[in-house]
Amino acid sequence: MERRKTKVVKVGNVLVGGDNRISVQSMTNTDTRDVEATIKQIRKLQDAGCDIVRCAVLDMEAARAIKKIVEKIDIPLVADIHFDYKLALESIKNGVSALRINPGNIGSREKVEILAKACMEKKIPIRIGVNSGSLSKEILQKYGKVVPEALVESALTHIKILEEVNFNDIVVSIKSSNIETMINSYRLASQKFDYPLHLGVTEAGTPWRGTIKSAIGLGALLSEGIGDTIRVSLTGDPVEEIKVGREILKNFGQIKEGIEFISCPTCGRTQIDLINIAKEVENRLENCNKSIKVAVMGCVVNGPGEAKDADIGIAGGIGEGLIFRKGKIVKKVKEEDLVEELIKIIETL
């Protein structure tokens, strides 16, 4: 898989685009004016592996709160702003690493120029965010409904506004809750300009359904080399967005740290409580940053063979199991001791 070549944009200490690692983003769901709660949530996101975080700036109080927030976090903060360029200026003043706006919604060209100049002085990029609900009446009338061509034209309209005031430090997102529309929009966008693309299925849903939709949408594009930074949008704890996003990237080889976990689906040959064993192993290794492949298999007959490329694994028998490394059996253990013995060996790797 060859990555699409894009411009490189610096968001705080994170480089987006080019050959740089695909970054994982999320957005706080706290009231940004509640500084303590927002900082607490951002720290949890950071601990989970979030690279860039975004927060809503609804009013001037929220814009001013950014100053205290950025002093207490270690990842870039993006201010999400609609319509009011003064909120953007205040956010820049208070230390954000990037803005998420639509220039066409900011107002006059004069306001856009003022904002672009302020961003250039602070070397702050702008992410243009287009989605199905943000299309102008003119574009909707032209196409009759939300289609990829309409979304991309909207993005190009906003891009042109910034380019006309000599601002090119741009990232673009073109999101839809419809997977087919989202995929085709990003494909079309990748042919129209070389600004970095921020991928996401917007309003994907709850962690169960949203994870499936996001994995399909993001996976299709990533497999084609499209995408420079991603967000999985879930209705729930934003930490779950990071877990899912990182797992998607891990399966594409974009993230090396952390375990790769495989387990068999079980069948009539399974003689141990493999389902609960697999859950326990996965939970115990949730924060493990070792770059290893761990297998939990249900059958001692062919488990080690099927998972012979795993760095470490277990395969169940009748009330006992085997621990194996790279397909070679190293130990026989009672069922009740399997998980503990596996964890002990992993800790020594």
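- Taking an unreviewed UniProt entry as the reference, the protein chain is identified by name as 4-hydroxy-3-methylbut-2-en-1-yl diphosphate synthase (flavodoxin) belonging to Sarcina ventriculi.
- Per UniProt, the comment on the protein chain under Pathway (unreviewed entry) is "Isoprenoid biosynthesis; isopentenyl diphosphate biosynthesis via DXP pathway; isopentenyl diphosphate from 1-deoxy-D-xylulose 5-phosphate: step 5/6."
- As stated in UniProt under Function (unreviewed entry), the record for the protein chain gives "Converts 2C-methyl-D-erythritol 2,4-cyclodiphosphate (ME-2,4cPP) into 1-hydroxy-2-methyl-2-(E)-butenyl 4-diphosphate."

**Some details on the overall build of the protein chain**
Turning to step 1, where the next piece is worked out: Of regular secondary structure, the protein chain possesses 13 helices and 15 strands.
Turning to step 2, where the next piece is worked out: If you line up the protein chain on its principal axes, its C-alpha atoms span 75 × 45 × 30 Å.
Turning to step 3, where the next piece is worked out: Taken across its 349 residues, the protein chain has 53% of its residues classed as buried.
Turning to step 4, where the next piece is worked out: Long-range contacts, defined as pairs at least 24 residues apart, comprise 63% of the intrachain contacts of the protein chain with a sequence gap of at least 6.
Turning to step 5, where the next piece is worked out: A gap of 2 Å separates the mean positions of the 51 positive and 48 negative side-chain charges of the protein chain.

**Some thoughts on the packing of aromatic side chains**
Turning to step 1, where the next piece is worked out: Here the structure, examined in full by the defined rule, presents one aromatic pair.
Turning to step 2, where the next piece is worked out: Ring geometry for Phe193 and Tyr195: centres 6.1 Å apart, planes at 45 degrees, overall tilted.
Turning to step 3, where the next piece is worked out: With a relative accessible area of 10%, Phe193 lands in the buried category.
Turning to step 4, where the next piece is worked out: Looking at Tyr195, the relative accessible area reads 2%, which means it is buried.

**Digging into a nonpolar patch on the surface**
Turning to step 1, where the next piece is worked out: Taken together, the side chains of Trp208, Ile212 and Ile216 present a nonpolar region at the surface, about 340 Å² in accessible area.
Turning to step 2, where the next piece is worked out: Along the chain, Ile216 falls in helix 9 (residues 207-222).
Turning to step 3, where the next piece is worked out: Look at Ile216 and you get partly exposed, because its relative accessible area is 46%.

**Notes on unusual backbone geometry**
Turning to step 1, where the next piece is worked out: Of note, the phi angle at Phe83 is positive, near 75 degrees, even though the residue is not glycine.
Turning to step 2, where the next piece is worked out: Relative to the helices and strands, Phe83 resides in the loop between strand 5 (77-80) and helix 3 (85-93).
Turning to step 3, where the next piece is worked out: Residue class for Phe83 comes out exposed when judged on its relative accessible area of 56%.
Turning to step 4, where the next piece is worked out: Of note in the backbone geometry, Lys123 takes a positive phi value of approximately 55 degrees without being a glycine.

**Concerning the environment of Ala62**
Turning to step 1, where the next piece is worked out: As for its position among the elements, Ala62 is in helix 2 (residues 60-70).
Turning to step 2, where the next piece is worked out: When the C-alpha positions of Ala62 and Lys344 are compared, they lie 47 Å apart, and in sequence the two are 282 residues distant.
Turning to step 3, where the next piece is worked out: In this structure Ala62 touches Thr32, Arg33, Ala56 and Val57, once residues within four positions along its chain are discounted.

**A short note on the sheet that holds strand 7 (residues 126-131)**
Turning to step 1, where the next piece is worked out: Ordered by their spatial adjacency, eight strands build an open sheet running 8-7-6-5-4-3-10-9, and the pairing between neighbours is parallel. This sheet does not close on itself; its edge strands, each paired only once, are strand 8 (170-175) and strand 9 (198-199).
Turning to step 2, where the next piece is worked out: Here strand 6 (residues 98-101) pairs with strand 7 via three bridges, running parallel. In the strand pairing of strand 7, Arg100 is matched with Arg127.

**A few points about the sheet that holds strand 12 (residues 293-297)**
Adjacent strands of a sheet form backbone hydrogen bonds with each other and so pair up, either parallel or antiparallel.
Turning to step 1, where the next piece is worked out: The mixed open sheet is built from five strands, whose spatial order is 11-12-13-14-15. Looking at the sheet topology across the chains shown, the edges are occupied by strand 11 (260-263) and strand 15 (328-334). Averaged over all adjacent pairs, the angle separating strand axes in this sheet is 15 degrees, with direction ignored.
Turning to step 2, where the next piece is worked out: Summarising the sheet, strand 13 (residues 312-316) and strand 14 (residues 320-325) pair through four bridges and their orientation is antiparallel. Looking at the pairing, Ile314 lines up with Ile323 of strand 14.
Turning to step 3, where the next piece is worked out: Packed on one face of the sheet, helix 11 (residues 274-284) meets strand 11, strand 12 and strand 13 and runs near 160 degrees to strand 12.
Turning to step 4, where the next piece is worked out: Together, strand 12, strand 13, strand 14 and strand 15 form the strand contacts of helix 13 (residues 338-348), whose direction differs from that of strand 14 by roughly 15 degrees.

**What to know about the environment of Gly298**
Turning to step 1, where the next piece is worked out: Among the structural elements, Gly298 can be located in the loop between strand 12 and helix 12 (303-306).
Turning to step 2, where the next piece is worked out: Taking the relative accessible area as the measure of exposure, Gly298 reaches 2% and is therefore buried.
Turning to step 3, where the next piece is worked out: Sequence-wise, Gly298 and Ile314 are 16 residues apart; in three dimensions their C-alpha atoms are separated by 8.1 Å.
Turning to step 4, where the next piece is worked out: Excluding its chain neighbours within four sequence positions, the residues that come into contact with Gly298 are Cys264, Arg269, Thr270, Gln271, Leu274 and Gly316.

**Digging into the nonpolar core**
Turning to step 1, where the next piece is worked out: Ranked by size, the top nonpolar core spans 76 residues in total, and within it Leu99, Val172 and Leu199 carry the most contacts.
Turning to step 2, where the next piece is worked out: Discounting residues that sit within four places of it in the chain, Leu99 has contacts with Val78, Ala79, Ile81, Ala88, Ser91, Ile92, Leu115, Cys119, Ile124, Pro125, Ile126 and Arg127.
Turning to step 3, where the next piece is worked out: Leu274, Val294, Val296 and Ala315 belong to the second-largest nonpolar core, a separate cluster that totals 29 residues.

The rules we used
- Residues numbered from 1 in each chain as written.
- Predicted model: local features only at pLDDT ≥ 70, side-chain atom pairs only at ≥ 80, totals over all residues.
- Heavy atoms only, no water.
- UniProt positions renumbered as here; feature names shortened; annotations may be inferred.
- Helix = DSSP H or I, 4+ residues; strand = E, 2+ residues; numbered from the N terminus.
- Buried < 20%, exposed > 50% of the residue type's maximum accessible area, 1.4 Å probe, protein only.
- Contact = heavy atoms within 4.5 Å.
- Lys, Arg positive; Asp, Glu negative; His and termini not counted.
- Charge placed at Lys NZ, Arg CZ, Asp CG, Glu CD.
- Phe/Tyr/Trp six-rings, centres within 6.5 Å; stacked < 30°, edge-to-face > 60°.
- Patch = residues over 30% accessible without salt bridge, like charges linked within 9 Å, V, L, I, M, F, W, Y side chains within 5 Å.
- Areas by Shrake-Rupley, 256 points an atom, 1.4 Å probe, with all protein chains shown as cover.
- Salt bridge = Lys/Arg side-chain N within 4 Å of Asp/Glu carboxyl O.
- Pairing = 2+ DSSP bridges.
- Axes fitted to C-alpha atoms, helices over the stretch in contact; angles between N-to-C directions.
- Core = buried A, V, L, I, M, F, W, Y, C linked by side-chain atoms within 4.5 Å.

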